[in-house]
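# Breakdown of the fold
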Amino acid sequence: DELKAQLKAAHRAGDIAKEEALAQELRQVKAQLELLELKEEDIEDELEAEEEKIEEEMEVQHKAEKAIQEAEEEKEELIDEAAEEGVELSANAFAELDSLLAQAKSALQAGNFVEAKNLAKRAEKSLDQIEKTIEELEKKQEKEDERGEEAQKQIGEAEKKRREVEAETRKEGVQIPAPSFS
């Protein structure tokens, strides 16, 4: 604005040399302004790209954290389920899972979010295998319970039969030696 005012003043005064010099200076200022505006756009583009990159990393980090958390929660659910069903798990049933979760947490802390997420997914697959094992153990437990119930039923029937035989023999006056039914 100051240059424009000086240019107008030089024009009114008829000072052509000064007018030319000021016009040249004004063009240079406009060119510098355009360059600055282009640089500003480039910087804004770079900032936007960096923000997107950070958002993507945060999303991957969040997904990794979520996958680890879900695996840990599922582990607790399996432990509770096994306890409710009376299924005893071996001491090393969760060894692979715990190792994978520890590796996933370590990768997460190191900033390797993709590896952390992949390890957490492997931990979830390990959980699926543990769940299948628990289901198999539950089925075996049910079969054992059924066999136990059947054995108790047969014992009860045998006891009933023994009492009937004893009652019948007493009624008939037949003496059965004591060791026969002990």
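Whatever comes next refers back to the structure up there.
Residues numbered from 1 in each chain as written. Predicted model: local features only at pLDDT ≥ 70, side-chain atom pairs only at ≥ 80, totals over all residues. Heavy atoms only, no water.

## Structural notes on the overall build of the protein chain
Scanning the protein chain for helices and strands turns up 4 helices and 0 strands. Start at the N end of the protein chain and walk to the C end: the helices and strands fall as α-α-α-α. Taking the principal axes of the C-alpha coordinates as reference, the protein chain spans close to 155 × 25 × 15 Å. Looking at the 182 residues of the protein chain, the share that counts as buried comes to 18%. (Helix = DSSP H or I, 4+ residues; strand = E, 2+ residues; numbered from the N terminus. Buried < 20%, exposed > 50% of the residue type's maximum accessible area, 1.4 Å probe, protein only.)

## What to know about helix α3 (residues 95–109)
For α3, built from 15 residues, the straight-helix expectation of 21 Å at 1.5 Å per residue is met to within 8% by its first-to-last C-alpha distance of 21 Å. Buried within α3 are the following residues: L97, L100, L101, A104, A107 and L108. The arc that holds the buried residues of α3, viewed along the axis, is 125 degrees, so those residues lie on one side. Residues of α3 that are buried make contact with α2 (16–85) and α4 (113–172). The first or second residue beyond α3 is G111, which carries a positive phi of 85 degrees. (Expected span 1.5 Å × (residues − 1). Arc of directions from axis to C-beta. Contact = heavy atoms within 4.5 Å.)

## Topic: the nonpolar core
Within the largest apolar cluster, 22 residues are counted, with the highest numbers of intra-cluster contacts made by I68, L97, L101, L108, A123 and I130. For this core, the secondary-structure elements that each account for two or more residues are α2, α3 and α4. The element best represented in this core is α4, accounting for 8 residues. Sequence-distant contacts of L108, defined by excluding residues within four places in its chain, comprise Q61, A64, E65, I68, F113 and A116. Core analysis: the second largest hydrophobic core is formed by 6 residues, L3, L7, A10 and L22 among them. (Core = buried A, V, L, I, M, F, W, Y, C linked by side-chain atoms within 4.5 Å.)

## Concerning the pattern of salt bridges
Under the criterion given, the structure shown has 7 salt bridges. E159 is the salt-bridge partner of R162, the closest N and O atoms lying 3.0 Å from each other. A residue pair is termed a helical-turn pair when its members lie 3 or 4 positions apart in one helix, as R162 and E159 do in helix α4 at 3 residues. Given a relative accessible area of 22%, R162 falls into the partly exposed group. Taking relative accessible area as the criterion, E159 reaches 33% and is therefore assigned partly exposed. Bridged by salt links that share partners, the residues E159, R162, R163 and E166 form one connected network. (Salt bridge = Lys/Arg side-chain N within 4 Å of Asp/Glu carboxyl O.)

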